[in-house]
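Notes for the structure review
Spelled out from the first residue to the last, the chains are:
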Amino acid sequence: MTELSSDWYWELDAMGRFVRLDIGSRGINPGASEEVLGKSRQQLPQIDLSASQWATYQAILDRRETFYDFEMAIQGDNNRLLWHAISGAPIFDSAGVFVGYRGIGRDVTRRRESEELIRHMAFHDVLTGLANRRLFMDRLQQALNSMARTGSYAVLMFLDLDSFKSLNDRQGHAAGDSLLQQVAQRLTGCVRSVDTVARLGGDEFTILMENVDADDQRAMRHTRTAADKVMQALANDFDLGGEAATLRYACSASLGVVILRNPLASADACMKRADAAMYQAKGNGRGGICIDADARG
């Protein structure tokens, strides 16, 4: 029956070591049987399990309880995570003495990958791969909470591409999508890995920089340097052509910046200040920067 199934059968001795592993033709790598015999699960190359999760698993075994669908990941080929769900029950001999565990396992990698894709799509922009509004607002609120603990500042940038609609109208949405993707790459390349870049929708992008020096003058210098770096990243022309053509496009953007000092402000209030600063930059002639240096939220 095991040979006909995608599940596999396993047995552990009283010390928690594998003494049997039967794998069918549709299961995991048949060579895994020899690799695990004599080892406990904790000695196998599982990853993505915390110490508390292992402690929970071990406590179930110590209490000789039946368990269901305990999931763990094993590193597969090309660094792909292979997720396994195992269920087991204790084994007792005729005298009632505990002699080990036995159970079944199955590959749940496709389900886990589908769930991860759904989670990613819920919090990321499909076109650019950046954080979406939902994730960005959550990060912004976390930054405000962190400011309350550390006393540091944060910087919020709101960027809008100038004349983006006319590009779509003249060259089509493929060119517009290409521009948005390249802008996302350039913005990501000019911030730290701990900073958050998001596409809110359309041609609007936001950047959140946390743990900025809580000295007003140093915070301002840092902010101006970061804002100039963002605008310089967009200064070079973009190549929006496909394989058969070349379309060079000079992008202009308006950038509104707010130095966040007040940890009691709401995320919505912070976004409104940054949005207002961006429209001030656009009203000043576009292609410029407006820094709200007096913001208290």
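Residue positions are given per chain, counted from 1 along the sequence in the order it is written. Local features in a predicted model are, by the rule used here, given only for residues with pLDDT of at least 70; side-chain atom pairs are given and counted only at 80 or more, and totals for whole chains, interfaces and linings are based on all residues. Water and hydrogen atoms play no part in the side-chain values, which are based on all heavy atoms of the structure.

**A word on unusual backbone geometry**
We count it as follows: Helix and strand assignments follow DSSP, with helices taken as H or I runs no shorter than four residues and strands as E runs no shorter than two, numbered in order from the N terminus. Three exposure classes are used, based on accessible area relative to the maximum for each residue type with a 1.4 Å probe and protein chains only: buried under 20%, partly exposed in between, and exposed over 50%.
The phi dihedral of aspartate 69 is positive, around 50°, even though this residue is not glycine. Considering the arrangement of structural elements, one finds aspartate 69 in strand β4 (residues 67–75). The exposure class of aspartate 69 is partly exposed, given its relative accessible area of 38%. Residues other than glycine seldom take positive phi values, yet asparagine 211 does so here, at roughly 55°. Among the secondary structure elements, asparagine 211 is positioned in strand β9 (residues 204–212).

**Some words on the nonpolar core**
Here is a general trend for soluble globular proteins: nonpolar side chains tend to be buried in one another's company. How we decide: In these notes, a set of buried Ala, Val, Leu, Ile, Met, Phe, Trp, Tyr and Cys residues joined through side-chain atoms within 4.5 Å is what counts as a nonpolar core. Should any heavy atoms of two residues lie within 4.5 Å, those residues are counted as being in contact.
Judged by nonpolar contacts, the single largest core of 38 residues is most densely connected at Met157, Leu159, Leu161, Leu179, Leu187 and Phe205. Listed by contribution, the elements that provide at least two residues to this core are β7 (153–161), α5 (164–171), α6 (173–189), β9, α7 (216–233) and β12 (253–260). With seven residues, α7 is the single largest residue contributor to this core. Dropping the residues within four chain positions of it, leucine 159 is found in contact with Leu187, Asp203, Glu204, Phe205, Val230, Leu234, Ala253, Ser254 and Leu255. Ranked by size, the runner-up nonpolar core spans 22 residues in total, among them Phe136, Ala143, Leu156 and Leu200.

**As for the pattern of salt bridges**
Formally: The term salt bridge refers to a pairing of a side-chain nitrogen on Lys or Arg with a carboxyl oxygen on Asp or Glu at a separation within 4 Å.
This model, assessed by the stated rule, comprises 17 salt bridges. Between aspartate 13 and arginine 17 there is a salt bridge whose closest N-O contact spans 3.0 Å. A salt bridge links arginine 111 to glutamate 115; its shortest N-O distance comes to 2.9 Å. Of this pair, arginine 111 and glutamate 115 both sit in helix α3 (residues 109–123), separated by four residues, roughly a single helical turn. In this structure glutamate 115 comes out as partly exposed when scored by relative accessible area, which is 29%. Beyond isolated ion pairs, a larger network of salt bridges with shared partners links Glu71, Arg111, Arg112 and Glu115.

**Observations concerning the packing of aromatic side chains**
For the record, the criterion: For this analysis, a ring pair means two rings from Phe, Tyr or Trp (six-membered ring only for Trp) whose centres lie within 6.5 Å, classed as stacked if their planes differ by under 30 degrees, edge-to-face if by over 60, and tilted for the remaining angles. Only Lys NZ and Arg CZ are tested; either one counts as a charge over a ring when it is within 6 Å of the ring centre and within 35 degrees of the ring normal.
On inspection of all chains with the given rule, the structure shows eight aromatic pairs. Note on tyrosine 57 and phenylalanine 67: the rings are 5.8 Å apart at their centroids and 80° apart in plane angle, and the pair reads as edge-to-face. Here phenylalanine 67 lies in strand β4 and tyrosine 57 lies in helix α2 (residues 51–62), a separation of ten residues in the sequence. Neither residue differs from the other here; tyrosine 57 and phenylalanine 67 are each classed as buried. Through successive ring pairs, a cluster of aromatic residues spans Trp10, Trp54, Tyr57, Phe67, Phe70, Phe92, Phe98 and Tyr101. A cation over an aromatic ring shows up here: arginine 186 above the ring of phenylalanine 238, its NZ or CZ 3.6 Å from the ring centre.

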